[in-house]
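Observations on the model geometry
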Amino acid sequence: MQKLEQLYEGKAKKVYKTDDPNLYIVDYKDDATAFNGLKKGTIVGKGVINNQMTNRFMAKLEKAGVPTHFVEELSERETVVKKVSIVPLEVIIRNLSAGSFAKRYGVEEGIVFDAPTIEFSYKNDDLGDPLLNEYHTLALKLATPEEIAVIKQYAFQVNDFLKAFWASCGVTLVDFKLEFGRLDDGTIVLADEISPDTCRLWDSKTHEKLDKDRFRRDLGGVEDAYAEVMRRMKEAL
Ligand code: TMP
Ligand code: ASP
């Protein structure tokens, strides 16, 4: 597998072409941003943790029946993935109130929902990733009704899996964001990452935040939190 020219640089990852037209290499950075890039920083070692955590989850989810873009981990920070075109939706599942949900609806954080919620944002930095519903998604031709149905089904399957896994590590899965892609034949697969950057993870007993909110909210101990959830994950696998 040969790493060829860089195709794209995002806030947390770079994507490279390879000598196989159907495969890309993603390279995870330690760069961290928040509030649509307004706040910038570095979380030392984050790239390694996010790469390894994502790949372990993707491999498990694949076995549980959720197709993913994951192919093979190449190094601490690099992974071979299937070439996809990303569906421009951020798919957010919530089990407890937190973050923008708590703010938008004027409720405290930490309310346990009777059933998980799902919401979509239009993945568009210039517009600040505005919230949208399924009708808006169809109007904007971002996805077909069939694609939305399968994305919702996979997103709740991912929640069932992740929630149970993190519970076994003494961690509460508060909420998370997923992205999906289309293979050349139109198949929808889970893409992007599943990491403390994209999930809210609270210690089940103390409710201590073990995720990127420590960076977003200047709580300190960011690196330690990432290392702690990675340690618990390795222990449970
Ligand atoms: P929110 O409460 O800010 O809407 O975030 C919900 C979840 O989505 C949370 O687990 C963090 C994750 N998230 C991302 O992965 N990327 C983003 O750009 C944002 C705003 C949130
Ligand atoms: N994606 C956000 C940003 O743009 C970061 C976040 O809040 O997770 O900077």
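Now for a quick tour of the structure. (Residues numbered from 1 in each chain as written. Chains lettered and ligands numbered in written order. Predicted model: local features only at pLDDT ≥ 70, side-chain atom pairs only at ≥ 80, totals over all residues. Heavy atoms only, no water.)

With that settled, the discussion passes to the side chain of Thr79. Within the secondary structure, Thr79 is located in strand 7 (residues 78-82). Residue class for Thr79 comes out buried when judged on its relative accessible area of 1%. Polar contacts involving the side chain of Thr79 include one to the side chain of Asn55, which spans 2.7 Å. When residues no more than four places from it in sequence are discounted, the contact partners of Thr79 are Tyr24, Ile25, Val26, Asn51, Asn55, Phe70, Glu72, Glu73 and Leu74. (Helix = DSSP H or I, 4+ residues; strand = E, 2+ residues; numbered from the N terminus. Buried < 20%, exposed > 50% of the residue type's maximum accessible area, 1.4 Å probe, protein only. Polar contact = N/O pair within 3.5 Å; in protein donor to acceptor, adjacent residues only side chain to side chain. Contact = heavy atoms within 4.5 Å.)

Now for the site of ligand 1. Near ligand 1 you find 13 residues, and of these Arg94, Ser100, Asp175, Lys177 and Arg200 are the closest. The side chain of Arg200 places a nitrogen or oxygen atom 2.8 Å from an oxygen atom of ligand 1. Protein chains shield 76% of the accessible area of ligand 1, which is 450 Å² for the free molecule. Secondary structure elements with two or more residues in the shell around ligand 1: strand 9 (89-96), helix 2 (99-105), strand 12 (171-182) and strand 14 (199-203). (Near = heavy atom within 4 Å. Areas by Shrake-Rupley, 256 points an atom, 1.4 Å probe, with all protein chains shown as cover.)

By nearness alone, every residue bordering ligand 2 is listed as Lys11, Thr33, Ala34, Phe35, Asn36, Gly37, Lys212 and Arg216. Between ligand 2 and the protein, one listed contact pairs an oxygen atom with a side-chain N or O atom of Lys11 at 2.9 Å. One nitrogen or oxygen atom from the side chain of Arg216 is found 2.8 Å from an oxygen atom belonging to ligand 2. Calculation on ligand 2 without its partners gives an accessible area of 270 Å², and the protein chains cover 74% of this total. A breakdown of the residues in the shell around ligand 2 according to their chemical character gives 2 nonpolar, 3 polar and 3 charged. (Nonpolar A, V, L, I, M, F, W, Y, C, P; charged D, E, K, R; others polar.)

The next point concerns the packing of helix 1 (residues 46-63) against helix 6 (residues 222-236). The geometry of helix 1 relative to helix 6 is characterised by a closest axis approach of 10 Å and an angle of 30° between their N-to-C directions. In terms of their interaxial angle, helix 1 and helix 6 are classed as roughly parallel. Between helix 1 and helix 6 the crossing geometry is left-handed. Facing helix 1, whose interface residues are Lys46, Ile49, Asn50, Gln52, Met53, Arg56 and Phe57, helix 6 presents Tyr226, Ala227, Val229, Met230, Met233 and Lys234. Its residues placed into classes, the contact of helix 1 with helix 6 shows 8 nonpolar, 2 polar and 3 charged. (Axes fitted to C-alpha atoms, helices over the stretch in contact; angles between N-to-C directions. Parallel < 35°, antiparallel > 145°, perpendicular 65-115°, else oblique. Left-handed = near helix turned anticlockwise from the far one by under 90°.)

Take the sheet that holds strand 2 (residues 13-18) next. Strand order across the open sheet formed by 5 strands is 1-2-3-7-6, with antiparallel pairing between neighbours. Edge positions in the open sheet fall to strand 1 (3-9) and strand 6 (70-73), since each of these has one partner strand only. The sheet shows a mean angle of 30° between the axes of neighbouring strands, taken without regard to direction. For strand 2 and strand 3 (residues 23-28), the ladder comprises 5 bridges, and the chain directions are antiparallel. The residue bridging Lys17 from the neighbouring strand is Tyr24, located in strand 3. Where helix 1 meets the sheet, it contacts strand 3, strand 6 and strand 7, and its direction lies at approximately 130° from that of strand 6. (Pairing = 2+ DSSP bridges.)

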